[in-house]
Amino acid sequence: MAIVRLSLAVSLTAAVIAGAVGMPLGASLALTRFPGRATLIVLCNAMMGLPPVVVGLAVYLLLSRSGPLGAMGILFTPAAMIVAQTILIVPIIAALTRQTVEDLWSEYSDELNSMEVGPVGRVATLLWDARYSLMTTLLAGFGRAIAEVGAVMIVGGNIDGFTRTMTTSIALETSKGDLPLAMGLGLVLICIVLAINAAAWVARLWSERQAG
């Protein structure tokens with residue numbers, strides 16, 4: 001139960017932070033025009049496939065004692081795991097949000113321009129209008145986070161009772177030959193992901209009905 005609680009706490013926190021950063025970033029990329037925009041979009045899309053172990057190594061170097069953020073002392077803690085997962089899923093949320101908002105902008109641009117809505121207002125309006133679609137985007141980020149192994153093992157250290165998550169436990173128990181425990185943890189992980197997605201789907205249906 002401690003492993004499950006830690007996994008959920010780390011991944012949900014990372015998803016919330018990544019959503020708070022990635023959604024406005026993606027909407028801004030969709031609605032603003034500036035030199036280098038195309039390069040940023042390509043870079044954001046490419047970063048959706050960031051190798052987790054590379055992200056883990058980068059965060060490890062940043063947070064190690066000799067690193068620039070070593071004074072924070074959070075290496076091999078859940079906080080470091082949240083940082084690594086957030087870096088992994090921000091590009092996913094930003095890229096998917098950009099595409100969603102860009103599609104909406106092509107539909108509502110005339111109305112928003114006629115009402116002289118400013119850049120911040122456009123971002124807020126279209127993010128709110130796309131809230132149901134963006135819920136799927138958040139779930140995609142959460143799914144990537146909770147399934148992560150390499151990065152969290154590097155920066156968390158897989159310490160028993162402190163930074164051991166479901167995925168790192170599955171990897172450890174498989175290497176030890178304890179396949180029943182590994183399979184049990186895998187089943188729990190799948191059930192949790194399904195339950196969260198089902199709850200999000202029910203919440204979306206209820207909200208749509210309330211909105212008419």
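In what follows, the structure referred to is the one given above.
Residues numbered from 1 in each chain as written. Predicted model: local features only at pLDDT ≥ 70, side-chain atom pairs only at ≥ 80, totals over all residues. Heavy atoms only, no water.

**Some words on the overall build of the protein**
Phase 1 of the analysis: Within the protein, the regular secondary structure consists of nine helices and zero strands.
Phase 2 of the analysis: Along the protein, helices and strands appear, N-terminal first, in the series α-α-α-α-α-α-α-α-α.
Phase 3 of the analysis: The dimensions of the protein, computed from C-alpha atoms along their principal axes, are 65 × 45 × 25 Å.
Phase 4 of the analysis: Put simply, the protein has 212 residues, and 40% of those count as buried.
Phase 5 of the analysis: Here the analysis covers contacts within the protein between residues at least 6 apart in sequence; of these, 73% occur between residues at least 24 apart. (Helix = DSSP H or I, 4+ residues; strand = E, 2+ residues; numbered from the N terminus. Buried < 20%, exposed > 50% of the residue type's maximum accessible area, 1.4 Å probe, protein only. Contact = heavy atoms within 4.5 Å.)

**Comments concerning the environment of glutamate 102**
Phase 1 of the analysis: The residue glutamate 102 is located in helix α4 (residues 78-114) in this model.
Phase 2 of the analysis: Setting aside chain neighbours within four positions, we find glutamate 102 in contact with Ala30 and Arg37.

**Section: the packing of helix α1 (residues 2-31) against α4**
Any two packed helices are characterised by the angle at which their axes cross and by the distance between the axes.
Phase 1 of the analysis: Two elements in contact, α1 and α4, have axes separated by 5 Å at closest approach and are oriented at 35 degrees. Between α1 and α4 lies a crossing of right-handed hand.
Phase 2 of the analysis: Looking at the contact of α1 with α4, its residues break down into 22 nonpolar, eight polar and two charged. (Axes fitted to C-alpha atoms, helices over the stretch in contact; angles between N-to-C directions. Left-handed = near helix turned anticlockwise from the far one by under 90°. Nonpolar A, V, L, I, M, F, W, Y, C, P; charged D, E, K, R; others polar.)

**Observations concerning helix α6 (residues 131-146)**
Phase 1 of the analysis: Between its first and last C-alpha, α6 extends 22 Å over 16 residues, near the 22 Å set by a 1.5 Å rise per residue.
Phase 2 of the analysis: What α6 keeps buried is the set Tyr132, Leu134, Thr137, Leu139, Gly141, Phe142, Arg144, Ala145 and Ile146. (Expected span 1.5 Å × (residues − 1).)

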